Amino acid sequence: MSAVCVSVRTRVGTTFHRRLGFWLVASLGWLHCQPQPGPKVTLAQGDTSLIFDPADLSLRLVRGEKPLLVFPRDALALGVVDQVKGSLNYDPWPLVGEEGAFPASTPDGLSWESPTAATVDEATEKSLRLHLTFPRGTAQLAIDQTDSGRYRLQLVPKAEAARVAYVRLMPQIDAQEGLYGLGAVEDQVNHRGKRRAMQIELMAEVESGYNDMHVPIPFAIGTTGWGLFVESRHPAAWDMAATQPDRIAALVGTGPDSPKGLLFHLFSAAHPLDVTKKYYDVTGTPGLPARFALGPWLWRDDHVTQAQILADCNSMRDLDLADNGIWADRPYSTGISTFDYDKKTFPDPDAMLRTVRDLGFAFALWHSPYMDDSDPATAMLAQEATQGGFYPPQAGILFTKWGQPIDFSNPAAAAWWQRNLRRYSDAGVVGYKLDYGEDVQIGLPGGRNVWKFFDGSDERTGQATYKLGYHRAFAETLPKDGGFLLCRVGTYGGQRYGCVIWPGDMDANMARYGERRKDRGGKEYVAIGGLPATVIYGLSLGPSGYPFYGADTGGYRHSPPDKETFVRWFEQTSLSSVMQVGTSSDNVPWETPPDTDFDAEVLALYRIYARLHLRLWPYEWTLATRIATDGRPIQRPLGLAYPELGQHPDDVYLFGDDLLVAPVVDHGARKKRVIFPPGRWIDWWQGTSLNGPQTVTVAAPLGVLPLYIREGAIVPLLRPTIDTLLPTTQPARVDSYATTPGLLYPRVVPGPASQFVLFDESVLAQEDSERQLVLRSTSGREFTSGALFEVLAWGARSPSAVQRAGALMAEQPSLSELEKAESGWLYDAARGGTLYIKVPRGDQRVVVQK
C-alpha cells in the first residue's frame, strides 16, 4: 500500500496555503493520506459562470442553471508522441478526416493523455490557475474571465512538453443543438455530423482537387448560446458531433510549438446570434468597406479593355440599371503586378477613369501577390524584389505559374509593394479583387512543405498569417473613408480590413456540393457547387466573422449559365450583403450571345433586382454600422436566428431582423418550401400574409424571389429611380445619392410598436392598434427631405382620416402626384391594400384612422 497525498493550493486576495482533505488512519504501520476534493471554484459575472469541480476535474460553462459546454476530465487531452520531429507538419486532419486524397497517418507512438489530478494554484474573483498532472507530464491551465460571458483559457504543457504534438479539446454539448461558425463551407450551414479541416486539404474526387476551405475560422457556435474559439494559426481539424452526438472536438497540431501552449476562448450569450460579438471583442471588429462597396458591381473575365469598360458603363446608364462599380479583371496590365496598364488595350486609362467616375461608378482592379519573374514585363520589378529581399527566404511548392509571392511579413517588402500600388490609387482606383494567395500550405499528410518568412514564421502558421499580410498591404492604400477589397481567402482577424469575401470559382449551374454532374462535353465531374453552395457559403461566413459577402452572380466554372440559373442567381444576390455580377464567359444581363438562352426578359428582371439591392442600401448600411455594437451578421441562417424551431435549412435565411429570404435554388422549380418563423409575414411583392411557425410551399415562378417582411417591421429604402451612391457629373442622366439622398421610402407592416434608427440618426417608428396607426419620422444628418411611407397589408378599406399635427392631410390622386406634393396620402387596393403617406422633413407624427 502506498500513500497518496493531493494538495489544493489557493490564493484568494492575499496569498495563503492550505492542505485540504487529510485524514489519518493507522493501518499496518502506514500513514494513509486520503485526499478529499476541495470546493468548486466559480468565475461568474452576470448570468454566466465557469465552474471547476475538483471532484471530477471538470469545467462547466453555465448560463443560469443551463450547462452550455461541459469539459469532463478527458475533454482536455495532449497528443503525446515518441519524439516531435521538425520534419513533420502534425496536420491533425488525417486523424479525423473521413474524406481525403491520402490515407490516415498516425505519428509514431501517438497516445492521447488526459489529466489524472489537478491542483488549484491560484483562485481570485476573475481568474483561476490549475496545475494538471498527466500520465507522462504536467501542464498549467490558466483561466481568466475577461468580460461577462467571455473566458480566456490557456493550456500550457510543462513537464514532457517537448513530446506533445497535438492538443485536443472535446467538450460535451446538447445532443440536439445546431452547430454554426467555422468559416466558409459549401455543403450545409449546420455542421452537425461533419468533420472540418481548418486549412486547405487535398481531395482527389471533387473537381477542384481540394476541400475549398478558403476561409477557415476556428470558432464554433452552438444554438444553445455558446461559442468556442481556438486562437491558433496551427493546422487544426474539428469533429462537429460526427463521432458522438453530444460532443465536438477541436484537434490542433501544435507540433514543436507545443511548449507555448494552446489559447482558446469560451463565450456565452442569451441568443446565439450574439455570440459573434464576443468573438469580435477578441479578434477585432469588422472594418466597414466603402458605402458603394455593397454594390451592385459588374465585371468581365476575358474582354477586359478600355473600350469594353466604357461601353459597359454607358450601357448600364442607357438601360437604367442600378450599379455602383465596375472592375477590370485580368489581363489589363503588361504583366502580372507591373502596376501599369497595357497601352494596346488601355490607351488612355486616365481618360477612362474620368468617364467612369463621371457616370457615377467606382473603379477597381484584379490583383494578386505575385510578380512573374519569368515575364520580361516584370523583369525590372522582380529584380528589385530579389535585391531587396522581398521574397520569402525559403519557398515551398508553388501553385501558380507566376512565381513566388511577396513576403508581406517583411515591412520593407510591404512598403515597397504599397508604393507601387499607389500608382493606381493616386489615379483613382478605389478597390481590388484579390485573387489567390494560398500557396503557403502545410504539405501532404506527415511531410512538410517548408516555407520560411522574414518574421521567423514558417508554413505551420504562415498558411493562415500570410493572408493577413496580403490583405493589409492593399487595405492600407485605400481611401480613408473606405474602399473595396474583394478577397478569395481569409482567416480570423482579417475581418478588420473590411474584406468582402467571394467564394472563388463556383459552378455556373444549380449543382449542390458533391453532386455528380456532366459538363457540356459529357465528362463527369463531382461539383464544388453552384448557386445552392454559394448561398450556404455566405450564410456560414456571417456568423463566423466575415459579414460582407458576394458570389459571382451566374457562377464561373462550366459557364455560361442558362437563363434560369442566371435569373435565380441575381434574385438571390439582390438579397446578399454584396451584389456582384460576372462569369467566366462574360455574361451581362443585356447581351444575348448564341451560346445562351438569354433574352429580353433577363434584362427586365435584372433591372428590378439590381435596383432592389441598391434601394435596400439604407437598411443594410444601418445593419452594417450596428455590427460594431451587436456583432450580428447581415445574412443570418434561419436555424441560428430562430433556434427554437430546431430546423436548419440551407436556403432560407434572414436579411437583418425583418426580411425572410427563400431563394429558389433547384433548376426547374416553380414552387418553394418556406419555413416561416413565429409571427406574421407579408409577401414583399403581393402583400399577402402568412403566420408562423409553419412550413408552407409557396408559388415561385421564374423572376419572383420568395421574400417576406415581418409584421411590425420598418425597412427604409432609397427612391425607386436610384442609379448609384457615387457622385456624377451627369445628374440628368444618372440619379445619384451623392447628388441628393432624397426622400426616404420606408416600407412598413403595421404591428406592435417599433422603431428603426438609421445610420444617420434618422428615426422611423410605427404603432398599430385596433382603431388607428401612428407613424413617426425624424430627419437625420443625411436624410433631410422627408419620407414617403409605404404601408403594406393595410386591408380592403381606405382610411377614414389621415392627420398630421392635428390637421387632415390631403388625399392625392396618384402616386406620382403624391411624390410631387409636400405631403399627403394615397390608398391603393392592390397587393392587399397599400397605403402611401408622405411627410416633410423634421419631426413628424401622422395618425391614420381606420
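All figures in this text were calculated on a predicted structure; none of them were measured in a lab.

**Quick look at the overall build of the protein**
1) Next: Within the protein, the secondary structure is distributed over 13 helices and 49 strands.
2) Next: Computed over its C-alpha atoms, the radius of gyration of the protein comes to 29 Å, within 12% of the 29 Å expected for a compact globule of 850 residues.
3) Next: In terms of overall dimensions, the protein has C-alpha extents of about 105 × 75 × 50 Å along its principal axes.
4) Next: For the protein, buried positions account for 61% of its 850 residues.

**So, the environment of G712**
1) Next: Structurally, G712 can be placed in the loop between β38 (707-710) and β39 (714-717).
2) Next: Measuring from C-alpha to C-alpha, the distance between G712 and L575 comes to 20 Å, with 137 residues separating the pair along the chain.

**Notes on the packing of aromatic side chains**
A ring pair, where both rings are aromatic, is described by two values, the distance of the centres and the angle of the planes.
1) Next: Counted according to the given criterion, the structure contains 48 aromatic pairs.
2) Next: Both rings, one in W112 and one in Y166, keep their centres 5.9 Å apart while their planes meet at 45 degrees; by these two values the pair is tilted. Placement of the pair is W112 in strand β10 (residues 111-113) and Y166 in strand β15 (residues 164-169), with a sequence separation of 54 residues.
3) Next: You can call W112 partly exposed: its relative accessible area is 29%.

**Things to note about the sheet that holds strand β45 (residues 801-804)**
Where strands meet in a sheet, backbone hydrogen bonds hold them as pairs that are either parallel or antiparallel.
1) Next: With antiparallel pairing, 6 strands are arranged side by side in an open sheet as β41-β42-β43-β49-β45-β46. If you trace the sheet from one side to the other, it starts and ends with β41 (754-757) and β46 (807-808), each paired once.
2) Next: Inspection of the sheet shows β41 paired to strand β42 (residues 763-768) by 4 bridges, in the antiparallel sense. Paired with F756 across the strands is L764, a residue of β42.

**Digging into the environment of D666**
1) Next: Relative to the assigned elements, D666 resides in the loop between β35 (659-661) and β36 (671-683).
2) Next: Along the chain, D666 and M510 lie 156 residues apart, while their C-alpha atoms are 6.2 Å from each other.
3) Next: Among residues more than four places away in sequence, those in contact with D666 are M510, R512 and E564.
4) Next: For D666, the side chain forms a polar contact with the side chain of R512, separated by 2.7 Å.

**With respect to the side chain of Q306**
1) Next: By the element assignment, Q306 lies in helix α3 (residues 306-318).
2) Next: For Q306, a relative accessible area of 11% puts it in the buried group.

**A few points about the sheet that holds strand β44 (residues 787-791)**
1) Next: Ordered by their spatial adjacency, 5 strands build an open sheet running β39-β40-β44-β48-β47, and the pairing between neighbours is mixed. The sheet is open, and its two edges are formed by β39 and β47 (824-828), each paired on a single side. Put simply, the sheet's adjacent strands are angled 20 degrees from each other on average, direction ignored.
2) Next: Bridging between β47 and strand β48 (residues 834-839) involves 5 bridges; their strand directions are antiparallel. Looking across to β48, one finds that W825 is bridged to I837.

**Details of the packing of helix α6 (residues 411-425) against helix α7 (residues 459-475)**
1) Next: The interhelical angle for the contact between α6 and α7, taken along N-to-C directions, is 40 degrees, at an axis separation of 9 Å. As far as their axial angle goes, α7 and α6 are oblique. Along this stretch, α6 crosses α7, giving a crossing that reads as right-handed. Here W417, Q418 and L421 of α6 lie close against α7, whose contacting residues are R472, A473 and F474.
2) Next: Taken together, the residues that form the contact of α6 with α7 break down as 4 nonpolar, 1 polar and 1 charged.

**Observations concerning the packing of α3 against helix α4 (residues 349-358)**
1) Next: Interhelical geometry of α3 versus α4 gives an angle of 10 degrees and a closest axis separation of 10 Å. Considering their axes alone, α3 and α4 lie roughly parallel with respect to each other. Across from Q306, I309, L310 and C313 in α3, the residues of α4 making contact are P349, M352, T355 and V356.
2) Next: Partitioning the contact of α3 with α4 into residue classes produces 6 nonpolar, 2 polar and no charged.

**Quick word on unusual backbone geometry**
1) Next: Looking along the chain, the bond that leaves R330 and enters P331 is cis, with omega of 5 degrees.
2) Next: Considering the arrangement of structural elements, one finds P331 in the loop between β24 (325-328) and α4.
3) Next: A cis geometry characterises the amide bond from G692 onward to P693, with omega recorded as 5 degrees.
4) Next: Considering the arrangement of structural elements, one finds P693 in strand β37 (residues 689-699).
5) Next: Not every positive phi belongs to a glycine, and D212 is a case in point at roughly 55 degrees.
6) Next: One can find D212 in the loop between β17 (194-197) and β18 (216-222).
7) Next: The exposure class of D212 is buried, given its relative accessible area of 3%.
8) Next: For D586, which is not a glycine, the phi torsion comes out positive at approximately 60 degrees.
9) Next: Mapped onto the elements of the fold, D586 is located in the loop between β32 (580-581) and α10 (600-615).
10) Next: A residue is classified by how much of its surface remains accessible, and D586, at 5% relative accessible area, is buried.

**Describing the nonpolar core**
1) Next: Ranked by internal contacts, the top residues of the largest apolar core, which has 239 residues, are F363 and I837.
2) Next: If you tally residues by element for this core, the top one is α10, at 8 residues.
3) Next: Not counting the four nearest positions on each side in its chain, F363 is found in contact with I309, I326, A328, Y341, M352, L353, V356, G428, V429, V430 and G431.

**Description of the pairing of strand β21 (residues 248-252)**
1) Next: Judged by how many residues are buried, β21 sits mostly within the fold: 5 of 5 residues are covered.
2) Next: With 3 bridges joining them, β15 and β21 adopt antiparallel strand pairing. Pairing of R168 across the sheet is with L251, part of β21.
3) Next: Of the strand pairs in this sheet, strand β20 (residues 236-240) and β21 are connected by 5 bridges, and their pairing is antiparallel. Within β21, the position partnered with M240 by the bridge is I248.

**Some thoughts on the confidence of the model for the protein**
1) Next: Averaged over every residue, the pLDDT of the protein is 93; the share at 70 or more is 95%.
2) Next: The model gives residues 1-34 a pLDDT under 50, and that stretch makes 52 contacts with residues more than four places away or in other chains.
3) Next: In the model, residues 99-103 has pLDDT below 50 throughout and makes 9 contacts with residues more than four positions away in sequence or in other chains.

**Describing the pairing of β42**
Within a regular strand, the side chains alternate between the two sheet faces.
1) Next: In sequence, β41 turns back onto β42 through a hairpin of 5 residues, with E761 there showing a positive phi of about 75 degrees.
2) Next: By the bridge criterion, 6 bridges tie β42 to strand β43 (residues 772-778) in an arrangement that is antiparallel. Across the sheet, Q766 pairs through a bridge with L775, a residue of β43.
3) Next: Taking the residues that link successive antiparallel strands as the turn, the β42-β43 hairpin has 3 residues.

Rules of the game
- Residues numbered from 1 in each chain as written.
- Predicted model: local features only at pLDDT ≥ 70, side-chain atom pairs only at ≥ 80, totals over all residues.
- Heavy atoms only, no water.
- Helix = DSSP H or I, 4+ residues; strand = E, 2+ residues; numbered from the N terminus.
- Rg over C-alpha atoms; globule rule 2.2 N^0.38 Å.
- Buried < 20%, exposed > 50% of the residue type's maximum accessible area, 1.4 Å probe, protein only.
- Phe/Tyr/Trp six-rings, centres within 6.5 Å; stacked < 30°, edge-to-face > 60°.
- Pairing = 2+ DSSP bridges.
- Contact = heavy atoms within 4.5 Å.
- Polar contact = N/O pair within 3.5 Å; in protein donor to acceptor, adjacent residues only side chain to side chain.
- Axes fitted to C-alpha atoms, helices over the stretch in contact; angles between N-to-C directions.
- Parallel < 35°, antiparallel > 145°, perpendicular 65-115°, else oblique.
- Left-handed = near helix turned anticlockwise from the far one by under 90°.
- Nonpolar A, V, L, I, M, F, W, Y, C, P; charged D, E, K, R; others polar.
- Core = buried A, V, L, I, M, F, W, Y, C linked by side-chain atoms within 4.5 Å.
- pLDDT = per-residue confidence, 0-100.

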